[in-house]
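Letter by letter, the chains look like this.
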Amino acid sequence: MQRTALALAAASLMLLQTTAPAQAAAKPAAKQAQASAAGTQVWDLSQLYASDAAWDAERLALLAELPKIKALQGTLGQSAQSLRAGLDQISALRLRLNRLQSYAAQKADENTQHSDNQARRQLADAVGNQFGEAASFVSAEVGAMASVKVEAYLAAEPGLAKHRQGLRTMLRLAEHTLSPKEEALLAGAADPLQQPGAIYGLLTNADLPWPKIKIRGKEVVLDQEQYTAYRSDADPKVREQVFKAFWPVYKAYERTLGAVYAANLRGTVFMARARNYPSSVAMAQGSDNIPEAVYRSLVQEANAGLPTLHRYLKLRSQVLGLKKPGYQDMYVPLAKPSGEYSQAEAERLTLAALQPLGAEYTGKLAAAFKQNWMHSVPQRGKVSGAYMNGAAYDVHPFLLMSYNGDYLGMSTLAHEWGHAMHSVYSNANQPFETADYSTFIAEIPSTANELLLADYMIANAKTREEKIFALSQQLENIRSTFFRQAMFAEFELASHEAVEKGEAVTGESLSQIYLDLLKRYHGDAQNVVKIDPLYGIEWAYIPHFYRDFYVYQYATCVSAAAFFAEGIGQGDTALRERYFTLLKSGSSADAYALTKAAGLDLATPEPYRALLRRMNRAIDQLETLLAKK
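Residues numbered from 1 in each chain as written. Predicted model: local features only at pLDDT ≥ 70, side-chain atom pairs only at ≥ 80, totals over all residues. Heavy atoms only, no water.

J.: What's the story with the overall build of the chain in this structure? I'm lost.
T.: When helices and strands are counted, the chain shows 27 helices and 5 strands. The C-alpha atoms of the chain give 24 Å as radius of gyration, which agrees with the globular expectation for 629 residues (25 Å, within 12%). With respect to the three principal axes, the spread of C-alpha positions in the chain is 80 × 55 × 50 Å. Of the contacts formed within the chain by residues at least 6 apart in sequence, a portion of 79% connects residues at least 24 apart. Surface exposure of the chain reaches about 23300 Å², of which carbon and sulfur atoms provide 53%. Taken as two groups, the 64 positive and 64 negative side-chain charges of the chain have centres that lie 4 Å from each other. (Helix = DSSP H or I, 4+ residues; strand = E, 2+ residues; numbered from the N terminus. Rg over C-alpha atoms; globule rule 2.2 N^0.38 Å. Contact = heavy atoms within 4.5 Å. Areas by Shrake-Rupley, 256 points an atom, 1.4 Å probe, with all protein chains shown as cover. Lys, Arg positive; Asp, Glu negative; His and termini not counted. Charge placed at Lys NZ, Arg CZ, Asp CG, Glu CD.)

So, in structure tokens, the structure goes:
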């Protein structure tokens, strides 16, 4: 997904990725081949640049333009025309930078073991950082203008209309904006502050020594993809074997991974203090003008809803016949799916499920499926997870996942294409300057697609077993997207606050924080699900923690998505219009204001309680089906 345009220059392309809460990962080779039958498998990056040489020529051309950006300093406030000309020049260069970084990041993600691609990504980030330094004066210069002056310029110069939201945001953030010299210094610090995330990515994707285990006589290299594939195995002994072999790898590197994440935390706390924010979370929320009450309400309501989660977990254990359920049993499905889905089948079912969104939406999506926008074939060295990168405004979105043919893979496909269609609608209706959108909104259309798919699969199940499976998948979606992400949000809050209080932060202390949360959320004390202390290291498996205070928005967005999916699925055309207004709005206004205009206030308990009611209804349905013999 895209980030705020004004911040993009100083951000790594890592910050442009959105990963489904439970990613689809690669299965054994035979199943990969079966799942990959038909459908577009590999993206076409030549639509960005014809060759690596063309990319490098553009990199050098961008570097040559940076002095022109620096030369604008001191001119923006001279007149409405000079403000428009300066912002237009910066914006045009930023658009080109987005494309440059997109190509480099996606080439690197195809194969994390390819050193040339990793080097190109570093070069792209370096250009972004230098651009950030060159343009770092803008916020300070605009912030120093009186609001009355800026509004007068907006009224006098129609060409400034596309910059209105950005200008007003800079004025709002003036109290957190430093002098031009200090801003340049902070912009220069962007590169070293990004290094913990880069180190983490290389260590966990390319360098960890994965164990070899035998599963039913077959030797398996238990890397991240194979862990994801086998953790849902029907045999409880296999699940336990997989967990006991996989997590010690992370545990062995607990000190190093702890030091890397602690460096990330300290960098965030440093930046918050430098910008005069009372806390890291206040800085994260403040940039998008989201009330901190949203974050706090989510955590509060997730904890209040734990009895509903425990009710579901107890039902899972009952269905699976588990006398002593453990964390290793969290991913096994309650019912056997009817079969696997080729990518073409997944696309067809997604289109059918999204019919309530209207013919225009499904028509655009069907056409996009036929293009080379997505890299979905599993391959060694490919970055784990799934994301949509919508930064190349003047091309189209690009998507990455490893499609493996199961229901989760299909759901992830629907999720990521929800992001892509959001960018398609936003780009078509907004200028580049406001076509990006906040993460606070980004996960609404993606998760709404998942819920509509789940509703469709439940309604069209041909057998009792299929309906049980579809209901359980919907419940798993809510568990992983609401409760699991809320638990992550609590972990982030606790770990950042520890640094802010001056406490020592180590791999061991982070594992203890995470273990305590795992136990509370899974009802360890009530014997709902027992948590082995080893699994406290799971925090080190979550790459999203290097995107500070990002994951909570999955939980807020699934609550919003449930609201839209239910109403639109029932034929509420007025709600559908408000939904598409939201998709078309980009960042033309503050994200919180846009969601309120669509009928939601995520700073109040009600959206979360509505989601819990949906979860309880699904549990009721499942219990009724299970009672029938």
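Read on for the rest.
J.: I'm lost on the nonpolar core in this one. Help?
T.: Taken as a class, soluble globular proteins show a tendency for nonpolar side chains to be buried jointly. Residues W247, Y250, W417, F482 and W539 are the most contacted members of the largest nonpolar core, which totals 149 residues. With 16 residues, the top contributor of residues to this core is helix α22 (residues 464–500). Setting aside anything within four residues of it in sequence, one finds F482 in contact with L298, A302, N477, A555, V558, S559, Y608, L611 and L612. Counting residues in hydrophobic clusters, the runner-up holds 40 residues, among them W55, A135, V142 and Y387. (Core = buried A, V, L, I, M, F, W, Y, C linked by side-chain atoms within 4.5 Å. Buried < 20%, exposed > 50% of the residue type's maximum accessible area, 1.4 Å probe, protein only.)

J.: Please explain unusual backbone geometry as it appears in this structure.
T.: Across the chain, the bulk of peptide bonds are trans and the bulk of non-glycine residues have phi less than zero. Even without glycine at this site, N276 takes up a positive phi of about 65°. With respect to the secondary-structure elements, N276 resides in the loop between α13 (254–274) and α14 (280–286).

J.: I would appreciate a short explanation of the pattern of salt bridges in the present structure.
T.: Pairs can form between side chains of opposite charge once their charged atoms are near each other. Enumeration over the complete set of coordinates arrives at 31 salt bridges. The partner of D223 in a salt bridge is R380, with the nearest N and O atoms 2.4 Å apart. Of this pair, D223 sits in the loop between β2 (218–221) and α11 (224–230) while R380 is found in the loop between β3 (374–375) and β4 (387–389), placing the two residues 157 residues apart along the sequence. With a shortest N-O distance of 3.4 Å, D524 and K530 are connected by a salt bridge. Given a relative accessible area of 39%, K530 falls into the partly exposed group. Several salt bridges converge on common partners, so that one network encompasses R84, D88, E157, K162 and E433. (Salt bridge = Lys/Arg side-chain N within 4 Å of Asp/Glu carboxyl O.)

J.: Please clarify how the packing of aromatic side chains should be interpreted in this entry.
T.: Any pair of aromatic rings gets described here by the distance separating the centres and the angle formed by the planes. Summed over all chains, the structure comprises 42 aromatic pairs. Consider the rings of Y227 and Y541, whose centres lie 5.7 Å apart with planes at 85°: the pair is edge-to-face. Taken as a pair, Y227 in helix α11 and Y541 in the loop between α23 (507–521) and α24 (552–569) lie far apart in primary sequence, 314 residues in all. Residue class for Y227 comes out buried when judged on its relative accessible area of 0%. Exposure remark for Y541: the relative accessible area of 11% places this residue in the buried category. The rings of W210, Y227, F243, F246, W247, Y250, Y327, Y535 and Y541 are connected pair by pair, giving a single aromatic cluster. The ring of Y331 is capped by R231, whose NZ or CZ atom sits 3.7 Å from the centre of that ring. Against the face of Y425 rests K364, its NZ or CZ located 5.8 Å from the ring centre. (Phe/Tyr/Trp six-rings, centres within 6.5 Å; stacked < 30°, edge-to-face > 60°. Lys NZ or Arg CZ within 6 Å of the ring centre and 35° of its normal.)

J.: Would you explain the environment of T362 in this entry?
T.: Summarising the element assignment, T362 is placed in helix α18 (residues 359–369). Sequence separation between T362 and D590 is 228 residues; the distance between their C-alpha atoms is 28 Å. Ignoring anything within four residues of it in the chain, the contact list for T362 reads L351, L354 and Q355. At a separation of 3.3 Å, a polar atom in the side chain of T362 contacts the main-chain carbonyl oxygen of A359. (Polar contact = N/O pair within 3.5 Å; in protein donor to acceptor, adjacent residues only side chain to side chain.)

J.: Looking at this model, I keep getting lost on the pairing of strand β1 (residues 212–215). Mind explaining?
T.: If a strand is regular, its side chains alternate between the two faces of the sheet. Side chains I213 and I215 project from β1 onto a buried face, and the interleaved K212 and K214 project onto a face without burial. Relative to β2, β1 runs antiparallel, the two being bridged by 4 bridges. For K212, the partnering residue across the bridge sits in β2 and is V221. Taking the residues that link successive antiparallel strands as the turn, the β1-β2 hairpin has 2 residues, and the phi of R216 there is positive, at about 50°. (Pairing = 2+ DSSP bridges.)

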